[in-house]
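Architecture at a glance
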Amino acid sequence: MKYIIFLFGLIAPGLLHAQSSIKAKRLLKNVTYLASDELAGRWPGSAGDSAARKFIIQQFRQAGVIPVLNSYEQNFDITVKLEAPAASNFFRAGNDTSFVFNRTYAILPFSGSATVSARVILADEHKTAMKALRQFNNSWVLLWRRKLMAPASDSLSDYFLAKEAARNGAAGVVFVTPDSLDKKDALVRLRPRKDEPLGIPVVQLKREASKNFLEGLDKGRLIVHDGETFLVSNRQLTVSVKIDPVTIPAANVVGVIEGNDPVLKNEYIILGAHYDHLGYGGYGTGSLKPDTTAIHNGADDNASGTSALLEITGALARNRNKLKRSIMVIAFAAEEEGLLGSQYFADHLPVAKNSIKLMLNMDMLGRLNAENQLYMGGAGTFPGGVEFMKSLEKGSGLRPVVHAGGVGGSDHISFYRKGISCIGFHTGGHPQYHTPEDDAHLINAKGLEKAAKYIYRAIAGLSNREQEWGFVKQD
Ligand SMILES: [Zn+2]
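Predicted, not measured: the structure shown is a model, and the values here were computed from it.

In terms of helices and strands, the protein carries 12 helices and 19 strands. In terms of principal-axis extent, the alpha carbons of the protein reach across some 85 × 45 × 45 Å. The buried share of the protein, reckoned over its 475 residues, is 49%. Taking as baseline every contact in the protein between residues at least 6 positions apart, the subset at least 24 positions apart corresponds to 82%.

And the structure:
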């Protein structure tokens, strides 16, 4: 213990004591509210999202947290919806005009907005289709989808395949989902994605509708080329796609608990947690049950971290006279949309970058397992970090699993990318992750309390730490 005190400076006894004001009961109460159906999954831009934000601001204000900006809110715009106005969107195969948007066909979120009239190439094999395109460029190409959900970088994703087709001269892409991939043949939802839109229209046609599709296109000619066969339609497929992005204002909630050392109070330790979640789920939201439209309450992800943020903030604020450095507390918006809130924050820091010594992020703290494992990634991003985080084990009732690297999965990455030391805390995954079943009754409240106390003690120590700081890159 002496060694630890020597290394990390004195943690004022009062500060350690203050952790007892962090209570499982209140933690659970706040999780239960944030993860209630009333807040409807806290989808960015929704009423539930602003209710959550209001709640956080109210708690910050009550605790005596000071706004860093003009208000507690750091506003930014995000695209939350893509609209396809009926007047400018249609699908016509030859003379067949029976295709209906969102019933027989869908527009992929990364589709370009354009009207294209061209013949269609059909081939069984993807490779053949690409060869055919090079021979008959400026054609539509019909492609079989290979994966339902995959990141744009995956070579089997819709995005990757469509991009490849565009490169080979496709005027547009029509995807059909094979039976083996999805018996229900669900249509892709037109929802904002991070992928850069392609210049060409990309649509998905229902399997059933694709059967009549050829009739409308008058069969076409069968071409044999190098032993490979493909069809080129006689008639033209005309598709008009127009996507109107709808942007809405989102906001991080940011405040400061000022430190007391005349010099060190100008340095910051940041504690953050995202408060948004997946709303009603669906394709493109990150839901792992994208076919189910139901409130994704996100009790563990991340009402638990948000609740811990409020509780730790309260305890720190009550003991602010013992803190040397200032603590900046942030509830991030739109994490599930791709770390948008933290990215915006990191791009628009309200204080000098080198005054931020460390960022601690909490994402999913509510499901502590029987082994009492609290996971930390990125502890090696500042000197002595791993040792320090491990040193808090005694008396915590937790088994810290401390990784020097492993910076991933949540908002702290946005800081890491800027060269700011950071640690991500979580209590591990579970079967309810990103499903409508991530509910408050599954929260381990006592475990959440232990985790919150652990993090509180970390901040109390770090606020007064005397050892040198510095960013250490990790893999
Ligand atoms: Zn999360």
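Moving on, there is more to tell.
Moving on, we get to the domain arrangement of the protein. Note on interface size: it is often stated as the accessible area lost on association of the parts. Domain assignment breaks the protein into domain 1 (2-81 + 246-464) and domain 2 (85-242). Computed over C-alpha atoms, the centres of domain 1 and domain 2 are 43 Å apart.

A few words on the sheet that holds strand β8 (residues 172-176). The sheet built from seven strands is open, its strands ordered β4-β9-β8-β7-β6-β11-β10 with mixed pairing. Strands with a single pairing partner mark the edges of an open sheet, and in this sheet they are β4 (105-107) and β10 (221-225). Across this sheet, the average inter-strand angle for adjacent strands is 30°, counted without regard to direction. Direction of pairing for β4 relative to strand β9 (residues 202-205): antiparallel, over a ladder of three bridges. Paired with Y105 across the strands is L205, a residue of β9. Along the sheet face, helix α5 (residues 126-135) touches β6 (120-122), β7 (140-144), β10 and β11 (228-232) and points at about 60° away from the line of β11.

Hydrogen bonding along the main chain pairs the strands of a sheet, whether they run parallel or antiparallel. Ordered by their spatial adjacency, three strands build an open sheet running β3-β12-β5, and the pairing between neighbours is antiparallel. Each edge of the open sheet carries a strand with a single partner, namely β3 (90-93) and β5 (114-118). Within the sheet, the average angular offset between the axes of one strand and its neighbour, ignoring direction, is 5°. As judged from the five bridges shared by β5 and strand β12 (residues 237-241), these two strands associate in the antiparallel manner. Paired with S117 across the strands is T238, a residue of β12.

Let us now look at the nonpolar core. Counting residues in each nonpolar core, the largest one holds 84 residues, and the members touching the most others are A308, I312, I327, L360, A451, I455 and I459. A per-element tally of this core places helix α12 (residues 445-464) first, with 11 residues. In contact with I312, not counting residues within four places along its chain, are I22, L271, A452, I455, Y456 and I459. M130, L133, V188 and L237 belong to the second largest nonpolar core, which has 48 residues in total.

With that settled, the discussion passes to the environment of P431. Structurally, P431 is set in the loop between β19 (422-426) and α12. Along the primary structure P431 and L288 are separated by 143 residues, whereas in three dimensions their C-alpha atoms are 10.0 Å apart.

Moving on, we come to the confidence of the model for the protein. On average, residues of the protein score 92 in pLDDT, and 96% of them reach the 70 mark or higher. The low-confidence segment residues 1-10, where pLDDT is below 50, has 12 contacts with residues more than four positions distant or belonging to other chains.

Within the secondary structure, A86 sits in the loop between β2 (73-83) and β3. Placed 132 residues apart in sequence, A86 and D218 show a C-alpha to C-alpha distance of 27 Å.

Once that is clear, we can look at the pairing of β19. Of all the five residues making up β19, five are buried; the element is thus mostly covered by neighbouring parts of the structure. Residues C422, G424 and H426 point to one face of β19 and I423 and F425 to the other, with burial holding for every one of them. Alignment of strand β16 (residues 356-362) against β19, held across four bridges, turns out to be parallel. Looking at β19, one finds that M362 is bridged to F425. Note: strand β17 (residues 373-377) against β19, three bridges, orientation antiparallel.

For the rest of this paragraph, the subject is unusual backbone geometry. Cis rather than trans, the peptide bond between D301 and N302 has omega equal to 0°. In this fold, N302 is placed in helix α8 (residues 299-318). With phi around 70°, N102 is a residue other than glycine that occupies positive phi space. Along the chain, N102 turns up in the loop between β3 and β4. A positive phi angle, close to 55°, is found at L339, a residue other than glycine. Its location among the elements puts L339 in the loop between β15 (326-332) and α9 (340-347).

The next subject is the packing of α8 against α12. The contact between α8 and α12 brings their axes to 10 Å, and the two run at 50°. Taken together, the axes of α8 and α12 are oblique relative to one another. The chirality of how α8 crosses α12 is right-handed. Where α8 approaches α12, its residues S304, A308, E311, I312, A315 and L316 are matched on the opposing element by L448, A451, A452, I455, Y456 and I459. In terms of residue class, the contact of α8 with α12 is built from 10 nonpolar, one polar and one charged.

Glancing now at the packing of helix α3 (residues 24-34) against α12. Contact pair α3 / α12: the axes reach a minimum separation of 8 Å and the direction vectors enclose 110°. With respect to α12, the axis of α3 lies roughly perpendicular. Across from A24, L27 and L28 in α3, the residues of α12 making contact are A445, K446, L448, E449 and A452. Counted by class, the contact of α3 with α12 contains six nonpolar, no polar and two charged residues.

Rules used in this analysis
- Residues numbered from 1 in each chain as written.
- Predicted model: local features only at pLDDT ≥ 70, side-chain atom pairs only at ≥ 80, totals over all residues.
- Helix = DSSP H or I, 4+ residues; strand = E, 2+ residues; numbered from the N terminus.
- Buried ≥ 20, exposed ≤ 12 C-beta atoms within 10 Å, placed from the backbone.
- Contact = placed C-beta atoms within 7 Å.
- Domains from an automatic or database assignment.
- Pairing = 2+ DSSP bridges.
- Axes fitted to C-alpha atoms, helices over the stretch in contact; angles between N-to-C directions.
- Core = buried A, V, L, I, M, F, W, Y, C linked by C-beta atoms within 7 Å.
- pLDDT = per-residue confidence, 0-100.
- Parallel < 35°, antiparallel > 145°, perpendicular 65-115°, else oblique.
- Left-handed = near helix turned anticlockwise from the far one by under 90°.
- Nonpolar A, V, L, I, M, F, W, Y, C, P; charged D, E, K, R; others polar.

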